[in-house]
Amino acid sequence: EQWHKEIDIVINKMKTEISEIKDKHRDILQKHLDEIKQIQSLIKQTLLAIKEIKNSTELAPTIKYSSKIRDFSKLPPKVKVSLPTFIPKPIEREKLYSLFGQITPLSTATKENVLSPNQPNASVRELLDEPELVATIQTGHKDLRCVTYINDDKIWTSGWNNEIKCFNAYGSLQQTIVTKSGEMPYDIAVDVDRDLLYSVRTVGTVSKLKNGQTEELIRLQGWRPGNLCVTSTGDLLTTMFSDDYTQSKVVRYSGSTEKQTIQFDDEGKPLYSGKSYTKFITENRNHDICVAECGAGAVVVVNLDGKLRWRYTGHPSDAKIKPFKPRGITTDSQSRILTADGDNHCIHILDQNGQFLCDIDNCDLEYPYGLCVDNNDNLFVCEYHKGYVKKIKYVN
């Protein structure tokens, strides 16, 4: 399907080139025609003048007359236009096959089933009846917004200032960096090499911190980056909105190269609200793209091709007295989706098809915001006003 799309893009580009050639061809011919018409008009004017001299009884005009035949005999140069020709290249089937991809051969092997401490456990993990608070980390951030998992020992955090802080599992501050622009990071993420990525909405950039050096990956014109997610294939997904706050979309990047834009459903209607409301984003194990739409009060989920799968607008409950406005969103090893319902001080847990499973409404949560999970499905929750990151065990 992706190859078909790329071929359609190539064909449409060639059609555009042909249209441009046609326009240039017409302009050249029109210019040539205008020159000929101008000469015709001058010839007619000269003939009229000669006729007047012939019929006149005055001698002076005849004496003064100078023939223009030589001038008119110099016609404009002939225009020779060669029309465009499509020259197809021969299809090299073997080369095409190698470009298309490859299928790995069947292989069998036996391996002792030993779980590495740094690898996620793929076994079935059931939800606990009562989630447990494991640890509380005081970050010192004003209005703590974002948390992202690095490894079993460390997390990055950011809030409503220009600092991004790294803490270990015991809550000890390991590192503090300041954004290169000096502006607040709108969101943070960690790529497959465990390098830090952060977006700065005010200047329209996404940057990477690698080996202590900051490099700019993306700079936008007419759009502002929002929240970030690194996919299982190493791509970067970012929500973004237009400078005039009328449009929002999700864009996939490979490095600095834009690969995919997700903005409209099959009926041409916007998938996401246009205003610059927070839109946290994550990828599920089945490659669904999940966006927590605070402004629209919904979780919007599309598949890998950007087709709408479902929307979740909250679960009615007597305990939830305020409207559902999701902020942070993350997924676990069982493809469950967790999203923060800050105004009702709880976390909603859904299955991969958008069915409500349960809430995490204990652990003394207060205005939960950003979320992430580690390789063992421990949940890290930002408490917006307190500046705490709470580590919660919610599966067995």
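In this text, all values refer to a predicted model and were calculated from it rather than measured experimentally.

*Asks:* What's the story with the sheet that holds strand β15 (residues 289-293) in this structure? I'm lost.
*Replies:* The strands making up a sheet associate through hydrogen bonds between their backbones, and the pairing can be parallel or antiparallel. Taking strand neighbours across the sheet as the criterion, the four strands line up as β14-β15-β16-β17 in an open arrangement whose pairing is antiparallel. This sheet does not close on itself; its edge strands, each paired only once, are β14 (279-283) and β17 (308-312). Within this sheet the neighbouring strands show an average axis-to-axis angle of 15°, counted without direction. Here β15 runs beside strand β16 (residues 298-302); their pairing, made up of five bridges, is antiparallel. Across the sheet, V291 pairs through a bridge with V300, a residue of β16.

*Asks:* Help me understand the pairing of strand β20 (residues 346-350) in this model?
*Replies:* In regular strands, side chains alternate between the two faces of the sheet. Among the five residues of β20, five are classified as buried, and the element is accordingly described as predominantly covered. Taking every second residue as pointing to the same face, both faces of β20 are buried, with C346, H348 and L350 on one and I347 and I349 on the other. Here strand β19 (residues 337-341) hands over to β20 after four residues, with H345 in that stretch at a positive phi of 55°. Examined bridge by bridge, β20 and strand β21 (residues 356-360) share four bridges and lie antiparallel to one another. Within β21, the residue paired with L350 across the bridge is F356. The antiparallel pairing of β20 with β21 creates a hairpin that spans five residues between the two strands, and G354 there sits at a positive phi of about 85°.

*Asks:* What's the story with the UniProt feature "repeat: NHL" (unreviewed entry) in the chain in this structure? I'm lost.
*Replies:* In the numbering used here, UniProt assigns the feature "repeat: NHL" (unreviewed entry) to residues 326-353. Summarising residues 326-353: 0% helix, 57% strand, and an end-to-end C-alpha distance of 17 Å.

*Asks:* Honestly, helix α1 (residues 2-55) in this entry has me stumped. Any pointers?
*Replies:* Two residues of an α-helix separated by three or four positions point the same way, owing to the 3.6 residues in each turn. Spanning 54 residues, α1 covers 80 Å between terminal C-alpha atoms, matching the ideal 80 Å at 1.5 Å per step. The complete set of buried residues in α1 reads H32, I39 and T46. For α1, the secondary structure elements touched by its buried residues are α3 (69-72).

*Asks:* Got a minute to help me understand the pairing of β17 in this structure?
*Replies:* With four bridges connecting them, β16 and β17 associate as antiparallel partners. Note that in β17 the partner of V300 across the bridge is R311. Connecting β16 to the antiparallel partner β17 that follows it, the hairpin turn spans five residues, and G306 within it adopts a positive phi of roughly 85°.

*Asks:* For this particular structure, what's the right way to read the nonpolar core?
*Replies:* Nonpolar side chains in soluble globular proteins generally cluster together in the buried interior. Residues W156 and V389 are the most contacted members of the largest nonpolar core, which totals 36 residues. At four residues, the largest contribution of residues to this core is made by strand β2 (residues 146-151). By size, the runner-up hydrophobic cluster in this structure holds 14 residues, among which are I347, I349, L365 and V373.

*Asks:* So what exactly am I meant to see when it comes to the side chain of E383 here?
*Replies:* Take E383: it is sitting in strand β23 (residues 378-383). In this structure the side chain of E383 is engaged in a polar contact, spanning 3.3 Å, whose partner is the side chain of K390. Apart from residues lying up to four places away in sequence, E383 is in contact with L144, D364, L365, E366, Y367, Y388 and K390.

*Asks:* How should I be thinking about a nonpolar patch on the surface in this particular structure?
*Replies:* A surface patch of nonpolar side chains, about 570 Å² in accessible area, is lined by W3, I91, L96, L99 and F100. Of note, I91 is situated in the loop between α3 and α4 (93-100).

*Asks:* Where do I start with the packing of aromatic side chains in this structure?
*Replies:* Aromatic ring pairs are reported here in terms of the distance separating the ring centres and the angle at which the planes meet. Considering all chains together, one arrives at six aromatic pairs under this definition. Centroid distance F280 to Y369: 5.8 Å. Interplanar angle 80°. Geometry classified as edge-to-face. A residue pair is termed long-range when its members are at least 10 positions apart, and F280 in strand β14 and Y369 in strand β22 (residues 368-373) qualify at 89 residues. Take F280: its relative accessible area is 6%, and that puts it in the buried class. Relative accessible area serves as the criterion here: at 7%, Y369 is assigned to the buried category. What links up through ring pairs into an aromatic cluster is the set F280, Y367, Y369 and Y384. When the ring centre of Y186 is taken as origin, the NZ or CZ atom of R145, which lies over that ring, is 4.6 Å away.

Criteria and thresholds
- Residues numbered from 1 in each chain as written.
- Predicted model: local features only at pLDDT ≥ 70, side-chain atom pairs only at ≥ 80, totals over all residues.
- Heavy atoms only, no water.
- Pairing = 2+ DSSP bridges.
- Helix = DSSP H or I, 4+ residues; strand = E, 2+ residues; numbered from the N terminus.
- Axes fitted to C-alpha atoms, helices over the stretch in contact; angles between N-to-C directions.
- Buried < 20%, exposed > 50% of the residue type's maximum accessible area, 1.4 Å probe, protein only.
- UniProt positions renumbered as here; feature names shortened; annotations may be inferred.
- Expected span 1.5 Å × (residues − 1).
- Contact = heavy atoms within 4.5 Å.
- Core = buried A, V, L, I, M, F, W, Y, C linked by side-chain atoms within 4.5 Å.
- Polar contact = N/O pair within 3.5 Å; in protein donor to acceptor, adjacent residues only side chain to side chain.
- Patch = residues over 30% accessible without salt bridge, like charges linked within 9 Å, V, L, I, M, F, W, Y side chains within 5 Å.
- Areas by Shrake-Rupley, 256 points an atom, 1.4 Å probe, with all protein chains shown as cover.
- Salt bridge = Lys/Arg side-chain N within 4 Å of Asp/Glu carboxyl O.
- Phe/Tyr/Trp six-rings, centres within 6.5 Å; stacked < 30°, edge-to-face > 60°.
- Lys NZ or Arg CZ within 6 Å of the ring centre and 35° of its normal.

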